[in-house]
Amino acid sequence: MSAEQNATKVKETEVLIIGGVAAGTKACAKAKRQKPELDITLVTEDTHISYAGCGLAYYIGNVVDDATKLMVRTPETFAEDTGVNVLTRNRVTALDLEARLATVLDLKHEETYQIHYDKLVIATGAKPIMPPLPGIKLDGVTALRTLMDAMRVRQALDEGKIRKAVVIGGGYIGVEVAENLVHRGVETVLVELMPHVLPNFDDDVAMMAQREMEDQGVKVFCNTKAEAILGNEKGHATGVKTTAGEFAADLVVVAVGVRPNVQLAKEAGLELGPTGAIKVNDRMETSAPGVFAAGDCAESTHILTGKSFWAPLGSVANKQGRTVGINVAGGDDRQPGVLGSMIVKVFDFNCGRTGLSVEQAAEIGIEAVSVTVPTHDIAHYYPGAHDIIIRLTAEKATGRLLGAYVIGQGVVDKTLDTIITAITFGATTEQLAKLDLAYAPPYSMAISSPLVAANVMQRKLEGGIEGITAYELERKLEAKDDFALVDVRDELSYMVRSIPGSVCIPLEEFEERLGELPADKEIVVSCNIGYRSTKACALLRSKHIGKSVKSLDGGINAWPYETE
Amino acid sequence: MAERKLDCRGMQCPGPIMAVAKALKEAAVGDELVVEVTEKSFAKDVESLCKKLGQELVSLDKGDIVVARIKKVK
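Rules and cut-offs
- Residues numbered from 1 in each chain as written.
- Chains lettered and ligands numbered in written order.
- Predicted model: local features only at pLDDT ≥ 70, side-chain atom pairs only at ≥ 80, totals over all residues.
- Heavy atoms only, no water.
- Helix = DSSP H or I, 4+ residues; strand = E, 2+ residues; numbered from the N terminus.
- Rg over C-alpha atoms; globule rule 2.2 N^0.38 Å.
- Buried < 20%, exposed > 50% of the residue type's maximum accessible area, 1.4 Å probe, protein only.
- Contact = heavy atoms within 4.5 Å.
- Areas by Shrake-Rupley, 256 points an atom, 1.4 Å probe, with all protein chains shown as cover.
- Buried area = accessible area lost by both parts, 1.4 Å probe.
- Salt bridge = Lys/Arg side-chain N within 4 Å of Asp/Glu carboxyl O.
- Pairing = 2+ DSSP bridges.
- Axes fitted to C-alpha atoms, helices over the stretch in contact; angles between N-to-C directions.
- Phe/Tyr/Trp six-rings, centres within 6.5 Å; stacked < 30°, edge-to-face > 60°.
- Lys NZ or Arg CZ within 6 Å of the ring centre and 35° of its normal.
- Core = buried A, V, L, I, M, F, W, Y, C linked by side-chain atoms within 4.5 Å.
- Polar contact = N/O pair within 3.5 Å; in protein donor to acceptor, adjacent residues only side chain to side chain.

Caption draft 1: Focus on the overall build of chain A. Each helix and strand in chain A was counted, giving 16 helices and 31 strands. For 564 residues, the compact-globule estimate of 2.2 N^0.38 gives 24 Å, and chain A sits close to it at 27 Å. Overall size of chain A, expressed as C-alpha extent along the three principal axes, is 95 × 60 × 40 Å. When each of the 564 residues of chain A is scored for burial, the buried share is 54%. In chain A, the share of contacts with a sequence separation of at least 24, taken over all contacts with a separation of at least 6, comes to 62%. In the structure as shown, chain A presents an accessible area of about 24,600 Å², 50% of it carried by carbon and sulfur atoms.

Below you can see the structure in the form of structure tokens.
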């Protein structure tokens with residue numbers, strides 16, 4: 001159908017943008033700045049546009065008191081400021097890419113019309129996965145994806161209707177929601193299918209975050225499957241049946257993950273990538289000419305693996321939207337890709353990651369090593385200093401940096417972002433260790449934490465440290481392997497907190513008591529942070545004691561499992 | 001029954017717990033120690049220490065500064 005055939009029902013626009021949260025509005029605003037005369041129409045089925053979707057958990061927790069603070073722009077002010085034609089409560093139901101026609105349903109007036117465009121931007125975002133559990137449609141069961149979802153939960157909390165809640169899923173949304181429910185005085189249970197929360201973190205790193213959640217009052221059940229949502233005769237949820245038992249709940253938040261919202265793109269015949277999101281090139285162009293995609297519905301490329309990667313994050317969406325805005329206005333902007341960086345607050349604990357773990361590097365044929373380094377965010381004597389732990393990963397053969405976890409009560413984002421910058425520019429461990437970073441006691445340690453981690457990595461790459469991670473040691477203990485576990489801290493520290501099955505030989509007495517150690521068995525040595533244990537290991541090696549000798553990476557400070 | 005204050009703010013692990021153990025040794029039965037610590041892991045450690053030594057942890061405030069009140073009972 002052409003515009004001439006049905007003039008009353010076909011609107012014309014140069015650029016049609018579908019979706020109005022992060023990527024869609026960013027593309028709009030940037031395109032208009034680049035080329036003010038461009039005629040742009042933005043269509044969204046939502047009531048709101050341009051809101052801070054990432055802030056929703058903090059709104060239900062009343063950390064952000066007012067929903068209007070999350071609304072960056074209203075549809076009216078956005079239209080006025082940018083000159084874009086904004087159509088909320090309008091849903092694009094079909095696309096004819098050949099004819100460049102979108103069929104749109106006006107949800108307010110229940111009318112169908114068409115928009116003829118020259119260029120199309122698909123920014124349809126992602127949708128929460130709602131598993132087909134019995135009772136999933138009951139009142140009181142919700143995802144936390146839209147502002148409306150958050151407003152409903154917030155209102156119920158404000159009215160005192162929620163005393164108990166179950167959060168299904170321990171990814172970063174689930175973790176943030178659980179924290180904010182606890183802030184509101186709600187008894188909160190979190191169930192996670194995987195062995196630990198934050199499934200894309202290493203086991204032992206995630207376990208530290210999980211301990212923090214438990215200490216702050218969240219009841220966490222891992223390796224646990226939600227089987228059904230229970231309800232009353234009024235059709236309201238009353239609890240969740242899981243493989244770990246039944247939990248009462250006035251509110252059930254489903255946070256098992258999101259999927260790219262690609263139905264429209266798929267039906268129109270656009271190519272999807274291996275992640276299930278829309279395949280794009282570095283200009284954010286899809287498989288069809290003149291059609292762009294950005295945000296949670298589009299793929300990225302992983303900078304280190306070169307493979308398709310799906311990073312449904314506000315940061316990525318805004319950058320992609322900006323690139324699209326430039327390109328629809330006739331420019332040539334490109335996205336280099338992502339590292340899988342993320343950061344999440346878990347009560348008083350901060351958890352960040354980037355790049356590849358040792359296992360992920362192995363999957364693409366890179367032999368990598370990691371070090372786990374407990375350190376501080378600022379000078380340890382300056383008030384407000386806190387511990388942080390860095391796990392740094394580098395390529396064994398070249399020392400090229402590949403990834404990091406930075407977690408702890410202290411400031412982790414600065415260290416993480418420094419490492420991200422280094423990885424992005426292809427730096428080696430040695431180059432990171434020599435950076436001239438800003439220093440004064442209130443801001444950093446004299447040798448800043450990423451540099452400390454790089455120095456430890458240097459030693460490891462030179463063969464000076466043979467380490468074992470907390471997770472690997474936990475597995476050995478679990479499997480009841482035949483090995484000796486020696487704690488070289490002082491007797492008092494050992495008495496207060498020690499790893500089950502360890503024996504204490506303080507470093508000061510180590511040399512005289514070498515006879516107590518098995519000459520022919522594997523020996524694992526632990527201390528507070530991995531410094532004294534490395535010294536003890538060197539001594540054992542020089543005396544040829546032990547079949548193999550390993551130091552516990554990060555010591556007991558980075559040990560999240562059981563102690564006695 | 002004396003009360004002794006221990007300022008362990010800014011001290012790193014295991015400094016505070018060692019200071020507490022030493023002060024407990026020096027104290028008389030019935031004395032109380034009030035310890036202020038900025039190192040967060042101290043809260044768990046002092047619970048464990050009191051349990052293992054059989055001393056009474058009268059109160060534990062886990063704010064920005066952890067404050068523990070310990071009574072020597074034996």
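More follows now that the structure is in view.
Caption draft 2: Focus on the interface of chain B and chain A. With 16 residues of chain B at the contact, the number on the chain A side is 14 residues. Contact between chain B and chain A buries roughly 1,300 Å² in total, counting both sides, with carbon and sulfur atoms accounting for 54%. Per-residue buried area on chain B facing chain A is highest for Q12, K40 and K52 of chain B; these three make up 34% of the total on that side. Joining chain B to chain A, the criterion identifies two salt bridges. D215 of chain A is the salt-bridge partner of K44 of chain B, the closest N and O atoms lying 3.3 Å from each other. Where the side of chain B that touches chain A is concerned, the elements lending two or more residues are α1 (15-26) and α2 (42-53) of chain B.

Caption draft 3: Up close: the sheet that holds strand β27 (residues 467-468) of chain A. Residues and elements named next belong to chain A. Taken together, the five strands give an open sheet; going across it, the order is β27-β31-β30-β28-β29, and neighbouring strands pair in parallel fashion. Whereas interior strands pair on both sides, the edge strands pair on one side only; in this sheet they are β27 and β29 (503-504). Looking at chain direction, strand β30 (residues 522-526) and strand β31 (residues 548-552) are connected through four bridges and run parallel. Bridging from a neighbouring strand, V525 pairs with S551 of β31. This element, helix α13 (residues 470-478), spans β27, β28 (483-487), β30 and β31 of the sheet and lies at about 130° to β28. Against the sheet, helix α16 (residues 532-542) engages β30 and β31, with an angle of about 175° to β31.

Caption draft 4: Seen up close, the side chain of Q458 of chain A. Along the chain, Q458 of chain A turns up in helix α12 (residues 449-461). You can call Q458 of chain A buried: its relative accessible area is 18%.

Caption draft 5: Highlighting the packing of aromatic side chains. Residue and element names in this part refer to chain A. Applying the stated criterion to the full structure yields three aromatic pairs over all chains. Here the aromatic rings of F201 and Y405 are separated by 5.4 Å at their centres, their planes lie at 40°, and the arrangement is tilted. Remark: Y405 occurs in strand β26 (residues 401-408) and F201 occurs in the loop between β12 (187-191) and α6 (203-215); sequence separation between them is 204 residues. Note on accessibility: F201 and Y405 belong to one class, buried. A ring pair is formed by W559 and Y561, whose centres lie 5.2 Å apart and whose planes are at 75°; its orientation type is edge-to-face. For the pair W559 and Y561, one class covers both residues: buried. The ring centre of Y113 lies 4.5 Å from the NZ or CZ of K11, which sits over that ring.

Caption draft 6: View of the nonpolar core. Residues and elements named next belong to chain A. L95, L97, L120 and I122 are the most contacted members of the largest nonpolar core, which has 49 residues in total. Considering each element in turn, this core owes the most residues, five residues, to helix α1 (residues 23-34). The residues touching L95, leaving out its near neighbours within four places in the chain, are I18, L101, A102, L120, I122, L264 and A268. Y58, A150, V177 and V197 belong to the second-largest nonpolar core, a separate cluster that totals 47 residues.

Caption draft 7: Just the side chain of S300 of chain A, in detail. All names here are of chain A. When you line up the elements, S300 lands in strand β20 (residues 300-301). Owing to a relative accessible area of 9%, S300 belongs among the buried residues under this scheme. Side chain to side chain, S300 and Q320 meet in a polar contact 3.1 Å long. Discounting residues that sit within four places of it in the chain, S300 has contacts with K307, S308, F309, V316, Q320 and V338.

Purely geometric stuff here, so don't read any function into it on its own.
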